[in-house]
Amino acid sequence: MTPRLFTKISRSLARDRDLPLGARLAKGRRYVAASVLGASRLRGCDRVGARARVMGRPTVRNDGFIAIGDDLVLNARYAACELAAAPGAELRIGHGVGLNFGALVSATRAVTIGDGVSIGPYAVIADAERPDGADAQPIVIGDGVWLAGRVTVRPGARIGAGSVITAGSVVEGEIPSGMVAGGTPARVLRPVASTLVASTPVAPSAPPLHPRPSNSASPTPPAQPRLPALRGVILADFTTGELATRLADPADAPALAVIAAPYGQVMQSLLTPADDEGTDFAVVWTRPDQISPAFGRLLQGEAADDAEILADVDAFCDALARGAARFRVVLVPTWTVPAEQRGLGMLDARPGGSAWTLARMNQRLMERVAPSPHVFVLDAARWQAAAGRNARTAAKGWYVGKIAFPAEVIAEAARDVKAAVRGALGQARKLLVLDLDDTLWGGIVGDLGWEHLRLGGPDPEGEALADFQRAVKRLTRRGVVLAIASKNTESVALEAIRNHPEMVLRPDDFVAWRINWHDKARNIADIATELNLGLQSVVFIDDNPAERARVREALPEVLVPEWPADKLLYPSAFAALRCFDVPAVSAEDAARTALYAAEQRRNAVRHEVGSVDDWLAALGVRVRLEPLGPANAPRATQLLNKTNQLNLSTRRLSEPEFLAWAAEPGHEVWAAHVGDRFGDAGLTGLLGLERDGDTCRIVDFVLSCRVMGRKVEDTLAHFAVERAQTLGAAHVVARYRPTPKNAPCLTFWRSSGFGADVDPADPAPEAGVHFTWDASRPYARPAHVALEATALEVTLCEATP
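Since the structure is predicted, the reported quantities are computational estimates derived from the model, not experimental observations.

**What about the nonpolar core?**
(1) Moving on: By size, the foremost hydrophobic cluster in this structure holds 42 residues, and its most contacted members are Val623, Leu625, Ile698, Phe701, Trp749 and Phe754.
(2) Moving on: For this core, the element with the most residues is helix α23 (residues 712-726), which contributes 7 residues.
(3) Moving on: In this view, Trp749 contacts Leu648, Ile698, Phe701, Ala734, Phe754 and Phe771; residues no more than four positions away in its chain are not counted.
(4) Moving on: Ranked by size, the runner-up nonpolar core spans 40 residues in total, among them Leu42, Ala76, Cys81 and Val151.

This is the structure we're talking about:
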């Protein structure tokens, strides 16, 4: 042991002098093991700082100079990381750097990586491309940079502090500080600050996941913009360090800053929260024998009473209900037992067996938490199945470090947790755009004719493609809409969709299509514009890797998953997508394709009539308003969290938070149902009011893009003024808070007739604008709109004469 290491261990033990002697010695042994192992696996480097944590075996090829700062985290468990320095070259890595599996960092001349840099899986950082190094140019990566998976940093690149590079991008030239960049080559997309989840209330700044000392070469590092992070807590009765690391990985957005509660203190942490824990989400992951001692006895072969076990489950659910109120989203994995645990063998799935009892425990858990709108049970058995043979090695990890699950299970869990958080915060994808040839069917329809396409049985590929279409159609029942972007002759492709007997998807299943010979990226952008959806809502599936690369490059916000070459794998590849998860499915979601079809009929009428007023009069618009309550709260909360364009304040609340706000004295929320002669668009608007003295504030003014432009906005403003008069207010005030996407809301309020407290010509007010109306004056209701408002005690009807 080196004197330096001995000094560090002594200081650490001194700091922990309040711990029992045995715990202090155990911590010292772990410190020695971690330090010695990390240093030994990086022994080819010239200098390695303190507390290096190395998982797996990296490759170090050092013919020059390699220096690494303190607190390195290097994960080579799944694929080797490689650090290389050619003769005369320098590779310098700062403090607190994270290097993920499969990454390559190669210096032929000079590569400098700053403090706190996160490098994703299979990233390549190389300052030369030619074998002889003749094209070598130094690379500089600033402090706090995040490189997502498969990013390539080319010779001469410079990335400013705090910037984020999206997955699969190629960086050449200079990226300024604090920017999100992506594409091939990478270009600046937006400032990092704008990637914050616009929905969530601003959470306290998260502490760094890997505290690090300052770099002596840079005593005053530049101020960095706040990185996009949601804060949460993991409550578990086993070691969760790897789960926290995976949740913090920016390669799979969003990056989640995680605080781990004290080991084995789940019930205590639920009932007595720590002051500094995050409140955006919680993962409560427990083992069944720790929740129910009676089930533990059953695993040991003793008799156990089912009623006692279920009572233990009920007690856990009661604690969960009390603790869950602090979080916006609570995720509870189901209980599992180790894969090697066979219990009673062939009798284990009968009464008295562990499999039987565990199934009843999980069923009871699901039943008890189902009424809660923000507590969700995740299927941990599927995670365990994904681990395959490695699941049987978990027992070794438990004895070594109280690791209950192998890495493959943790990886699946992290992906599902992130998908659930995205869905709960309104970030699910809404539009699936599909290619046709060799994607929806086998073969080229223009060459073969629709009669000879491979689709349906008994052909194996045809059967797989039919199953893929069935899976896509099931997705429409969850509110996702479908479109086509295909290089084809439109009449030929539509004939195939209409006439092929094995076709599952028919023309009525698609809300839009671009079947032509134009650039697919342009076609996808046109479809999104037509449907009034942002590109961040779009998923594109195509069998052609060149087309996928083109769309990724041109439209970085569109999700373009890698797609297997083997058509037999299409159904499983589609089932593995996690971008469509939502916390609830409403009647409006299930009928969304029909709603878009009705919108197309409305547009057809618009072209037939002479003016906008004539068109609106022909529609026969109806608006029905009702107070927010338990029956409409799920859809209302979904609308509040998903709507970006016509949204006054763009605040995001969970369902309990929204109901609680509406129940406060002086508050009321009205849900607007909109329909016309072509159909019912459902609950598509929200109006939240707050009475404060003689002022009635419009807090929420939300309208779905599907009903924008039909004077429903003016109808909501009319109703807000009427409610203010009823409540005895003298003024109605609407404060517009700008976001990158709600400019249409500002456009409406500027034309509404409300008075603005800034120059109405100002195109981008940074601090927001107050719009005011004198409540003594009526606000005209559009003549073509029939309004019905059902209050708690009185019904007001205003219909067009």
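Right, picking up where we left off after that structure.
**A word on the side chain of Ser649**
(1) Moving on: Tracing the backbone through its elements, the reader meets Ser649 in the loop between β32 (646-647) and α22 (655-663).
(2) Moving on: At a separation of 3.1 Å, a polar atom in the side chain of Ser649 contacts the main-chain carbonyl oxygen of Val699.

**Description of the pattern of salt bridges**
(1) Moving on: What the rule picks out here adds up to 36 salt bridges.
(2) Moving on: With its nearest N and O atoms 3.2 Å apart, the salt bridge here joins Arg92 to Glu90.
(3) Moving on: For Glu90, a relative accessible area of 36% corresponds to the partly exposed category.
(4) Moving on: Where Glu172 meets Arg154, a salt bridge forms, and the shortest distance between an N and an O atom there is 2.5 Å. Highlighted residues: Glu172 in the loop between β18 (170-171) and β19 (174-175) and Arg154 in the loop between β15 (152-153) and β16 (158-159), separated in sequence by 18 residues.
(5) Moving on: Each of the salt bridges in this network shares a partner with another, and the network as a whole consists of Arg382, Glu412, Arg415, Asp416 and Arg578.

**Concerning the packing of aromatic side chains**
(1) Moving on: Tallying each qualifying case throughout the model produces 20 aromatic pairs.
(2) Moving on: With a centroid separation of 5.7 Å and an interplanar angle of 50°, the aromatic rings of Phe468 and Trp563 are classed as tilted. Of this pair, Phe468 sits in helix α13 (residues 460-476) while Trp563 sits in the loop between α16 (545-554) and α17 (570-575), placing them 95 residues apart in sequence.
(3) Moving on: Accessibility expressed as a relative area gives 6% for Trp563, which makes it buried.
(4) Moving on: Through a chain of ring-to-ring contacts, the aromatic side chains of Phe701, Phe748, Trp749, Phe754, Phe771, Trp773 and Tyr779 assemble into a single cluster.
(5) Moving on: Against the face of Tyr122 rests Arg150, its NZ or CZ located 4.6 Å from the ring centre.
(6) Moving on: Lying across the ring of Trp661, Arg651 places its NZ or CZ 4.3 Å from the centre.

**Details of the environment of Leu230**
(1) Moving on: Tracing the backbone shows Leu230 in strand β22 (residues 230-236).
(2) Moving on: Classification of Leu230 by relative accessible area gives buried; the value is 4%.
(3) Moving on: Expressed as a C-alpha distance, the spacing of Leu230 and Ala255, which sit 25 residues apart in the sequence, is 6.9 Å.

**Overview of the sheet that holds strand β9 (residues 104-107)**
(1) Moving on: Strand order in the open sheet made by the 6 strands is β3-β6-β9-β12-β15-β18, with parallel pairing throughout. Each having just a single partner strand, β3 (59-62) and β18 make up the two edges of the open sheet.

**Notes on the pairing of strand β29 (residues 510-516)**
(1) Moving on: Across the 7 residues of β29, 6 count as buried, placing the element largely inside the fold.
(2) Moving on: As judged from the 6 bridges shared by strand β28 (residues 481-487) and β29, these two strands associate in the parallel manner. When the sheet's bridge partners are listed, Ala483 is paired in β29 with Ala512.
(3) Moving on: After leaving β28, the chain enters helix α14 (residues 490-499) and then returns to the sheet as β29, a path that is right-handed.

Reading the values: rules and limits
- Residues numbered from 1 in each chain as written.
- Predicted model: local features only at pLDDT ≥ 70, side-chain atom pairs only at ≥ 80, totals over all residues.
- Heavy atoms only, no water.
- Core = buried A, V, L, I, M, F, W, Y, C linked by side-chain atoms within 4.5 Å.
- Buried < 20%, exposed > 50% of the residue type's maximum accessible area, 1.4 Å probe, protein only.
- Helix = DSSP H or I, 4+ residues; strand = E, 2+ residues; numbered from the N terminus.
- Contact = heavy atoms within 4.5 Å.
- Polar contact = N/O pair within 3.5 Å; in protein donor to acceptor, adjacent residues only side chain to side chain.
- Salt bridge = Lys/Arg side-chain N within 4 Å of Asp/Glu carboxyl O.
- Phe/Tyr/Trp six-rings, centres within 6.5 Å; stacked < 30°, edge-to-face > 60°.
- Lys NZ or Arg CZ within 6 Å of the ring centre and 35° of its normal.
- Pairing = 2+ DSSP bridges.
- Right-handed = clockwise from strand over helix to strand, strands pointing away.

Everything listed here is a matter of coordinates, which is why it stays silent on function.
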